[in-house]
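# Coordinate inspection notes
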Amino acid sequence: MYVPSAVTKQSEIQAAINHVEKSLAPDVVRIRYEIGEDWSGQWAIFFRVVLTDDAARHRLREVATKVVWGLAQQLDFPGMGVFPYHNFRSTSEQAMLQEPAWA
Amino acid sequence: MGLADELLSDARYLADQAIADQRRSHMRRVISTAYYAVFHLFVEDFVEHWEFPDQRARLGRMFNHGPMRASFTAKDKKNPTQLEKELIEVTTSFEQLQKDRERADYDSGWSLVETDVRNSVTLAEEVFEKWRRIEGEDLARHHLLSMFGAKRE
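This write-up is about the structure you can find in this document. Remember, predicted model here, so these are calculated numbers, not experimental data.

Let us look at the overall build of chain A. Within chain A, the secondary structure is distributed over 5 helices and 3 strands. Expressed as a percentage of its 103 residues, the buried residues of chain A come to 31%. Sequence-distant contacts, at least 24 apart, represent 64% of the contacts inside chain A between residues at least 6 apart.

Time to look at the pairing of strand β2 (residues 43-51) of chain A. All names here are of chain A. When strand β1 (residues 28-37) meets β2, the two strands line up antiparallel, connected through 9 bridges. Along β2, the bridge assignment pairs glutamate 34 with phenylalanine 46. Once β1 ends, the chain turns through 5 residues before running back antiparallel as β2, passing glycine 41 with a positive phi of about 90°. The pairing of β2 with strand β3 (residues 83-90) spans 8 bridges and is parallel. The residue bridging isoleucine 45 from the neighbouring strand is proline 84, located in β3.

Below, the discussion takes up the nonpolar core. Nonpolar side chains in soluble globular proteins generally cluster together in the buried interior. Core analysis: the biggest nonpolar cluster contains 36 residues, and B:Ala11, B:Val30, B:Ala34, B:Ala37, B:Val38 and B:Ala124 have the highest contact counts within it. Mapped onto this core, the elements with two or more residues apiece are α1 (3-21), α2 (24-47), α4 (82-106), α5 (114-134) and α6 (138-148) of chain B. The greatest single-element share of this core, amounting to 13 residues, is contributed by α2(B). Dropping the residues within four chain positions of it, B:Val38 is found in contact with B:Phe94, B:Leu97, B:Ala124 and B:Val127. Residues A:Ile13, A:Val28, A:Ala44 and A:Val50 belong to the second largest nonpolar core, which totals 26 residues.

Our next topic: the packing of helix α1 (residues 10-23) of chain A against helix α3 (residues 60-74) of chain A. Residues and elements named next belong to chain A. α3 packs onto α1 with a crossing angle of 145° between their chain directions and a minimal axis gap of 9 Å. Handedness of the α1/α3 crossing: right-handed. Facing α1, whose interface residues are Ala16, His19, Val20 and Ser23, α3 presents Val67, Gly70, Leu71 and Gln74. Residue classes in the contact of α1 with α3 are distributed as 4 nonpolar, 4 polar and no charged.

A separate point is the packing of α4(B) against α5(B). Residues and elements named next belong to chain B. At a minimum axis separation of 9 Å, α4 and α5 run at an interaxial angle of 145°. Relative to α5, α4 is oriented so that their crossing is left-handed. Every residue of α5 that contacts α4 at Leu83, Glu86, Leu87, Glu89, Val90, Ser93, Phe94, Gln96, Leu97 and Asp100 is listed here: Ser120, Leu123, Ala124, Glu126, Val127, Lys130, Trp131, Arg133 and Ile134. Residues that form the contact of α4 with α5 fall into these classes: 10 nonpolar, 3 polar and 6 charged.

Each partner contributes residues to the interface: chain A has 18 residues there, and chain B has 15 residues. In terms of residues, the side of chain A that touches chain B owes the most to one element, β3(A), which gives 7 residues. Partitioned by chemical class, the residues of the side of chain A that touches chain B number 9 nonpolar, 4 polar and 5 charged.

Before going further, it helps to examine the sheet that holds β2(A). Residue and element names in this part refer to chain A. Pairing in this open sheet of 3 strands is mixed, and the strands run β1-β2-β3 from one edge to the other. Two strands bound the open sheet, and with one partner strand each, they are β1 and β3. Taking the axes of each pair of neighbouring strands and ignoring which way they run, one obtains an average angle of 20° across the sheet. Where α3 meets the sheet, it contacts β1, β2 and β3, and its direction lies at approximately 145° from that of β3.

What follows concerns unusual backbone geometry. In this model, A:Ala25 is joined to A:Pro26 through a cis peptide bond whose omega is 5°. Note on placement: A:Pro26 falls in the loop between α1 and β1. In this structure, A:Gln98 is a non-glycine residue whose phi angle is positive, near 55°. Its place among the elements puts A:Gln98 in the segment after α5 (91-97). Phi at B:Gln22 is positive, roughly 50°, even though this residue is not glycine. Relative to the helices and strands, B:Gln22 resides in the loop between α1 and α2. Judged by the 10 C-beta atoms lying within 10 Å of it, B:Gln22 falls in the exposed class.

Reading the values: the criteria
- Residues numbered from 1 in each chain as written.
- Chains lettered and ligands numbered in written order.
- Predicted model: local features only at pLDDT ≥ 70, side-chain atom pairs only at ≥ 80, totals over all residues.
- Helix = DSSP H or I, 4+ residues; strand = E, 2+ residues; numbered from the N terminus.
- Buried ≥ 20, exposed ≤ 12 C-beta atoms within 10 Å, placed from the backbone.
- Contact = placed C-beta atoms within 7 Å.
- Pairing = 2+ DSSP bridges.
- Core = buried A, V, L, I, M, F, W, Y, C linked by C-beta atoms within 7 Å.
- Axes fitted to C-alpha atoms, helices over the stretch in contact; angles between N-to-C directions.
- Left-handed = near helix turned anticlockwise from the far one by under 90°.
- Nonpolar A, V, L, I, M, F, W, Y, C, P; charged D, E, K, R; others polar.

This is the structure in structure tokens:
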């Protein structure tokens with residue numbers, strides 16, 4: 001069974017996440033991720049990004065673009081055999097949903 | 001106004017309604033509509049250059065969602081040109097919209113929030129803006145061919 005090299009590079013991925021979280025604080029509260037197959041069976045890395053309410057409401061595209069580029073600059077997704085997906089939610093939305101994958 | 005622009009307009013309108021009403025089914029329609037707006041943006045761009053107007057709709061139906069996810073990589077990954085950067089943003093946004101559309105239509109377990117809805121609409125708006133800025137560039141024209149399924153030379 002094919003497994004993308006991203007699976008063996010989790011410390012590198014986490015380091016990149018830490019860097020992006022730090023550089024985009026306080027707008028970016030935290031970033032979680034998961035590696036798996038997407039709807040078409042292609043390997044992917046799913047980033048779940050929690051933003052402050054202010055960033056989510058007033059600067060969503062601006063901050064989202066910085067997150068996407070920040071991660072892409074540090075991680076070679078094609079080389080890791082995964083396609084990146086990014087989903088965003090605000091602190092309030094996560095507080096209401098209480099989804100462990102985003103905590 | 002073409003179908004792509006109408007769908008984008010619909011997505012904006014539906015987004016306001018869905019968020020105001022906090023109606024999950026409408027939120028899903030927004031995400032699906034935002035994706036199809038972008039899908040038709042590419043299809044319209046491709047077929048409008050076909051010489052025979054009466055065949056354009058038929059030609060447009062030859063587009064398949066899967067091959068349209070053709071990725072693009074800059075020659076110098078670490079230092080993309082502005083054009084390459086915009087094309088990368090267009091293709092990655094298209095893939096994101098496609099993935100979200102799939103979830104919106106089929107994943108009943110997805111806990112949609114307002115941010116998902118607004119993100120889809122603004123992603124689609126960005127694709128429209130960026131694509132229309134670069135669509136005449138040789139690189140973009142070749143990429144459109146790849147989305148149609150043509151192999152790279």
